[in-house]
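# Architecture at a glance
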Amino acid sequence: MSKNKASQALKMVPYGFYALSSRDEDAMNVMVLNWFSQVSFEPQHVVIGLQNSSYSMELVSKSKKFVINIFHQDDADEIKAYTKSREKNPGKVKDAQFADGPVTGVPVLDAASAYLECEVLEITDTGAGHSVVIAKVVGGDVHKDFSADETLSLPHLGWSYAG
């Protein structure tokens, strides 16, 4: 398979559109994330992909914790404020409405329909500018119940981030 065909195939994968919150002491950040998946049932482990040079990666590496904020399709506007990097929008968390996660203390966005609090187990550099972060789910809650096909995703927005 050619690289072009592989890219075409990767674009067929329906990536979710989540907000990752991170905190290390007084420093915090919120960024959009779509490289996220559950990788085991018991215990519940998840995996994310983060750009090595991102501010969130710095915070996650130091604190060893993060929160995945999950949104309903109807709440797309709530997450769009976090699409730009901290470098391009340094004040993006200034107006964020959140509460500290009860287990990790990491911000949980008020607008999120559900969230998962996670503690990092392992970080592996892929050698391609991103790292894979494996984490254990240590808490979570659902504020607005809905099915997986109603979860906000890149295809729902008409966006693509693959290939």
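Scroll up to find the structure this text is about.
What this report covers is the structure whose coordinates are included nearby. Note that the structure is a prediction, hence the values are computed from the model and not measured.

### Quick word on the nonpolar core
Ranked by size, the top nonpolar core spans 19 residues in total, and within it Leu 20, Leu 33, Ile 48, Leu 50, Phe 66, Ile 68 and Val 133 carry the most contacts. Elements supplying a minimum of two residues to this core: strand E1 (18-24), strand E2 (27-33), strand E4 (45-51), helix H2 (55-63), strand E5 (65-70), strand E8 (114-125) and strand E9 (130-142). Other than its neighbours up to four places away in sequence, Val 133 contacts Val 46, Val 47, Ile 48, Leu 50, Met 57, Val 60, Phe 66, Val 120, Glu 122 and Ile 123. Listed in part, the 17 residues of the second largest apolar core include Val 32, Phe 71, Leu 109 and Leu 152.

### Describing the side chain of Ser 153
Take Ser 153: it is sitting in the loop between E9 and helix H4 (154-157). With residues near it in sequence (within four places) discarded, Ser 153 still touches Tyr 15, Gly 16 and Phe 17.

### Topic: the pattern of salt bridges
By the definition in use, this model includes four salt bridges. A salt bridge links Asp 75 to Lys 144; the nearest nitrogen and oxygen atoms lie 3.3 Å apart. Of the two residues, Asp 75 is situated in the loop between E5 and helix H3 (76-79) and Lys 144 in the loop between E9 and H4; the sequence distance between them amounts to 69 residues. Take Asp 75: its relative accessible area is 17%, and that puts it in the buried class.

Conventions and cut-offs
Residues numbered from 1 in each chain as written. Predicted model: local features only at pLDDT ≥ 70, side-chain atom pairs only at ≥ 80, totals over all residues. Heavy atoms only, no water. Core = buried A, V, L, I, M, F, W, Y, C linked by side-chain atoms within 4.5 Å. Buried < 20%, exposed > 50% of the residue type's maximum accessible area, 1.4 Å probe, protein only. Helix = DSSP H or I, 4+ residues; strand = E, 2+ residues; numbered from the N terminus. Contact = heavy atoms within 4.5 Å. Salt bridge = Lys/Arg side-chain N within 4 Å of Asp/Glu carboxyl O.

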